[in-house]
Amino acid sequence: MENVTQFIDFYIVAFSNIFGQKVFLFPIFLSLYLICLLWNILIFAIIFMDPQLQKPMYFFLRNLSFVDVLYSSVALPKLMDIIITGNNRISFTACFTQMYFFISFVCTEVWLLTLMSYDRYVAICFPLHYMLLMERRKCDLLVTGCWVFGFSNSLFLTIFASRLSFCRSTHIKQIFCDIKTLITISCGDIYKLKTMILVEAWVGLCPFLLILMSYSKILANILGFSSIGQRKKAFSTCSSHLTILLIFFGTLLCMYMMPPSDHAEDSDQIFSVLYLAVTPTLNPLIYSLRNEEVKNAIHNILIGNVFRKTFN
């Protein structure tokens, strides 16, 4: 990497084609961000406080809520600052720091969702051995592995990307410093980086395949139930997680696997909004609205405390 590259500034020019409507974007992003923070922090606190939710499934959900808060906080505050102040400059160091943490949290979330699939597989296919197979120490090690892999993998990607030269342009047509967008504005030999990203894409298929394997076995096991009530109960325990998987992986696949086109930059910005603002906002809502145990915990802790304070 040339020394001059270390001192350049980038300019985030997302939504440049609707500049006159930026004043309407700020309240939208602010609302989504606040809802994301409030709901995820609520879910995290409820699971932490309620003794009935001290199960592996909710331990993973608590970590998922924490990751959702972090990875939406990596980009949305900066984007809202750009919308309000109009200062869209971001330094080289700040840009790659943002990219590093974003990739870290997204990789961590991918593996957390994979663990949650495995948890549902064990719960439905081996219910009598569930607590033994998913003991707390094992869950702690699995979650720690997700975080370690996420941050180490991101470091590997960020170091490679930081070696790029940016003599073609410094305008990032995205809502944050995304590695895909940085590659498009770089110059020089990017063959090694593209090869490395291709390898990363194949590595990224591993959790996806593990999730497919888990749910194929879950489906086969559920279809073997003789009782319709058992089938409905089993499906209900998986429905929330399946919904989140479809939203999360759907937006990521559309963002990074779609072939290039004339409108790719505009569609990339839309998909970025979906997985940066909408997805982490929907995750806790989906779990709280579709899970009776979580709804009961929210009712008991929040409404119960208000009721006691009112009549004491």
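Residues numbered from 1 in each chain as written. Predicted model: local features only at pLDDT ≥ 70, side-chain atom pairs only at ≥ 80, totals over all residues. Heavy atoms only, no water.

Asks: With reference to specific residues and values, describe the overall build of the protein chain.
Replies: Across its full length, the protein chain carries ten helices and three strands. Scanning the protein chain from its N terminus toward the C terminus, one meets helices and strands in the order β-α-α-β-α-α-α-β-α-α-α-α-α. When each of the 312 residues of the protein chain is scored for burial, the buried share is 47%. Excluding contacts between residues fewer than 6 apart, the proportion of contacts in the protein chain whose partners are at least 24 apart in sequence is 78%. As displayed, the protein chain has an accessible area near 16300 Å², and 69% of this comes from carbon and sulfur atoms. (Helix = DSSP H or I, 4+ residues; strand = E, 2+ residues; numbered from the N terminus. Buried < 20%, exposed > 50% of the residue type's maximum accessible area, 1.4 Å probe, protein only. Contact = heavy atoms within 4.5 Å. Areas by Shrake-Rupley, 256 points an atom, 1.4 Å probe, with all protein chains shown as cover.)

Asks: Lay out the sheet that holds strand β2 (residues 89–91) in plain terms, naming residues and giving numbers.
Replies: Strands sit in the order β2-β1-β3 across an open sheet of three strands; the sheet is mixed. This sheet does not close on itself; its edge strands, each paired only once, are β2 and β3 (171–172). Across two bridges, strand β1 (residues 9–12) lies against β3 in parallel orientation. Bridged to Y11 within β3 is H171. Where helix α3 (residues 92–125) meets the sheet, its contacts fall on β1, β2 and β3, and the angle it forms with β2 comes to roughly 85°. (Pairing = 2+ DSSP bridges. Axes fitted to C-alpha atoms, helices over the stretch in contact; angles between N-to-C directions.)

Asks: Just give me the short version of the packing of helix α2 (residues 56–85) against α3, but keep the residues and values in it.
Replies: The description of two helices packed together rests on the angle between their axes and the distance between the axes. Where α2 contacts α3, the axes come no closer than 9 Å and their chain directions differ by 160°. Classed by the angle they form, the pair α2 and α3 counts as roughly antiparallel. The element α2 and its partner α3 pack so that their crossing is left-handed. Looking at the contact of α2 with α3, its residues break down into 18 nonpolar, three polar and five charged. (Parallel < 35°, antiparallel > 145°, perpendicular 65-115°, else oblique. Left-handed = near helix turned anticlockwise from the far one by under 90°. Nonpolar A, V, L, I, M, F, W, Y, C, P; charged D, E, K, R; others polar.)

Asks: Give me the lowdown on the pairing of β1, citing residues and values where you can.
Replies: Residues of β1 alternate between two faces, with F10 and I12 buried on one and D9 and Y11 left unburied on the opposite face. Of the strand pairs in this sheet, β1 and β2 are connected by three bridges, and their pairing is antiparallel. Bridging from a neighbouring strand, Y11 pairs with R89 of β2.

Asks: Outline α2, listing residues and values.
Replies: Spanning 30 residues, α2 covers 44 Å between terminal C-alpha atoms, matching the ideal 44 Å at 1.5 Å per step. Largest kink in α2: about 40°, centred on S73, with the proline P77 one to four residues after it. The buried fraction of α2 is high, at 22 of 30 residues. Phi turns positive one or two residues past the end of α2, at G86, with a value near 80°. (Expected span 1.5 Å × (residues − 1). Bend = angle between axes of the 7 residues up to and from the residue.)

Asks: Account for the nonpolar core, naming residues and giving values.
Replies: Residues F10, Y71, F96, F102, F166 and L182 are the most contacted members of the largest nonpolar core, which totals 91 residues. The element that contributes the greatest number of residues to this core is α3, accounting for 19 residues. Not counting residues within four places of it along the chain, the set of residues in contact with Y71 comprises F102, F105, V106, E109, F248, Y275, L276, T279 and P280. (Core = buried A, V, L, I, M, F, W, Y, C linked by side-chain atoms within 4.5 Å.)

Asks: Before we move on, could you go through helix α8 (residues 228–256) and cite the residues and values that matter?
Replies: Taking 1.5 Å per residue, 29 residues should reach 42 Å; α8 reaches 40 Å between its end C-alpha atoms and fits that length. At S239, α8 shows its maximal kink, close to 35°. Three or more residues of α8 are buried, namely A234, C238, S239, S240, H241, I244, L245, F248, F249, T251, L252 and M255.

Asks: Describe the state of the cysteines, and please don't skip the residues or the numbers.
Replies: Here the structure, examined in full by the defined rule, presents one disulfide. Sulfur-sulfur distance for the disulfide between C95 and C177 comes to 2.1 Å. Across the S-S bond linking C95 and C177, the dihedral sits near -125°, which makes this disulfide left-handed. Of the two residues, C95 sits in helix α3 while C177 sits in the loop between β3 and α6 (179–184), which places them 82 residues apart along the sequence. Residue classification places C95 among the buried residues on the basis of a relative accessible area of 0%. According to the relative accessible area criterion, C177 is buried, its value standing at 0%. (Disulfide = S-S within 2.5 Å.)

Asks: Can you break down the packing of aromatic side chains residue by residue, with the values?
Replies: Tallied over the full model, the rule gives 21 aromatic pairs. Note on Y100 and F151: the rings are 6.1 Å apart at their centroids and 70° apart in plane angle, and the pair reads as edge-to-face. Taken together, the positions of Y100 in helix α3 and F151 in helix α5 (residues 136–162) put the pair 51 residues apart, joining distant regions of the chain. Ring geometry for F101 against F151: centres 6.3 Å apart, planes inclined by 80°, an arrangement best described as edge-to-face. Separated by 50 residues along the polypeptide, F101 in helix α3 and F151 in helix α5 bring together distant segments of the chain. Take F101: its relative accessible area is 33%, and that puts it in the partly exposed class. Judged by relative accessible area, which is 23%, F151 ranks as partly exposed. Members of the aromatic cluster, joined through ring pairs, are F44, F66, Y100, F101, F105, W147 and F151. Sitting above the plane of the F44 ring, R62 keeps its charged end 5.7 Å from the centroid. Its end group placed over the ring of F59, R136 keeps NZ or CZ at 4.5 Å from the ring centre. (Phe/Tyr/Trp six-rings, centres within 6.5 Å; stacked < 30°, edge-to-face > 60°. Lys NZ or Arg CZ within 6 Å of the ring centre and 35° of its normal.)

By themselves these figures say nothing about function.
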